[in-house]
Amino acid sequence: MRDLRNYGGQILNRVEGGESMTITRDGSPVALLTPYQQPRLSATALLESWKNVPRIDADSLRRDIDQALDTTIDSNLNVKP
């Protein structure tokens with residue numbers, strides 16, 4: 001408990017890095033500090049979440065970008081004649 005109080009930030013950094021730690025009181029284990037595991041989406045759930053995303057027309061996107069940006073500058077940053 002003393003180490004947790006005094007070095008809490010360092011301990012949490014280690015746990016965040018994947019290490020699990022046993023918290024003791026007077027030498028007896030009272031808790032296990034483990035990294036939080038984000039729930040993983042199944043492939044089916046992931047596909048379901050993406051089914052309503054609109055399709056992007058690449059040519060239309062390119063035209064929109066060309067209209068919004070100055071395309072007279074080439075990749076070497078030299079102005080085209």
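Provided above is the structure to which this section pertains.
Residues numbered from 1 in each chain as written. Predicted model: local features only at pLDDT ≥ 70, side-chain atom pairs only at ≥ 80, totals over all residues. Heavy atoms only, no water.

Draft legend 1. Up close: the pattern of salt bridges. Applying the stated criterion to the full structure yields 3 salt bridges. In this structure, the salt-bridge partner of Glu 19 is Arg 14, at a minimum N-O distance of 2.6 Å. In this structure Arg 14 comes out as partly exposed when scored by relative accessible area, which is 43%. A salt bridge links Asp 59 to Arg 62; the nearest nitrogen and oxygen atoms lie 3.4 Å apart. Of this pair, Asp 59 and Arg 62 both sit in helix α4 (residues 58–68), 3 residues apart, which is roughly one turn of that helix. On the accessibility criterion, Asp 59 (47% relative accessible area) is partly exposed. (Salt bridge = Lys/Arg side-chain N within 4 Å of Asp/Glu carboxyl O. Buried < 20%, exposed > 50% of the residue type's maximum accessible area, 1.4 Å probe, protein only. Helix = DSSP H or I, 4+ residues; strand = E, 2+ residues; numbered from the N terminus.)

Draft legend 2. Examining unusual backbone geometry more closely. For Asp 26, which is not glycine, the phi dihedral falls at a positive 55°. Along the chain, the position of Asp 26 falls in the loop between β1 (21–25) and β2 (28–33).

Draft legend 3. Main features of the pairing of β1. Relative to β2, β1 is paired through 5 bridges, and the arrangement is antiparallel. Directly across from Thr 22, in β2, lies its bridge partner Leu 32. Connecting the antiparallel pair β1 and β2 is a turn made up of 2 residues, with Asp 26 showing a positive phi of about 55°. (Pairing = 2+ DSSP bridges.)

Draft legend 4. Region of the structure containing a nonpolar patch on the surface. Among the surface-exposed residues, Leu 41, Leu 46, Trp 50 and Val 53 lie close enough to one another that they form a single nonpolar patch of about 440 Å² accessible area. Relative to the assigned elements, Trp 50 resides in helix α3 (residues 43–50). Judged by its relative accessible area of 56%, Trp 50 falls in the exposed class. (Patch = residues over 30% accessible without salt bridge, like charges linked within 9 Å, V, L, I, M, F, W, Y side chains within 5 Å. Areas by Shrake-Rupley, 256 points an atom, 1.4 Å probe, with all protein chains shown as cover.)

Draft legend 5. Here's a closer look at the environment of Gly 17. For Gly 17, the position within the fold is in the loop between α2 (8–16) and β1. For Gly 17, a relative accessible area of 68% translates into the label exposed. In the structure, Gly 17 is positioned 18 residues away from Pro 35 in sequence and 7.8 Å away in space, judged by C-alpha atoms.

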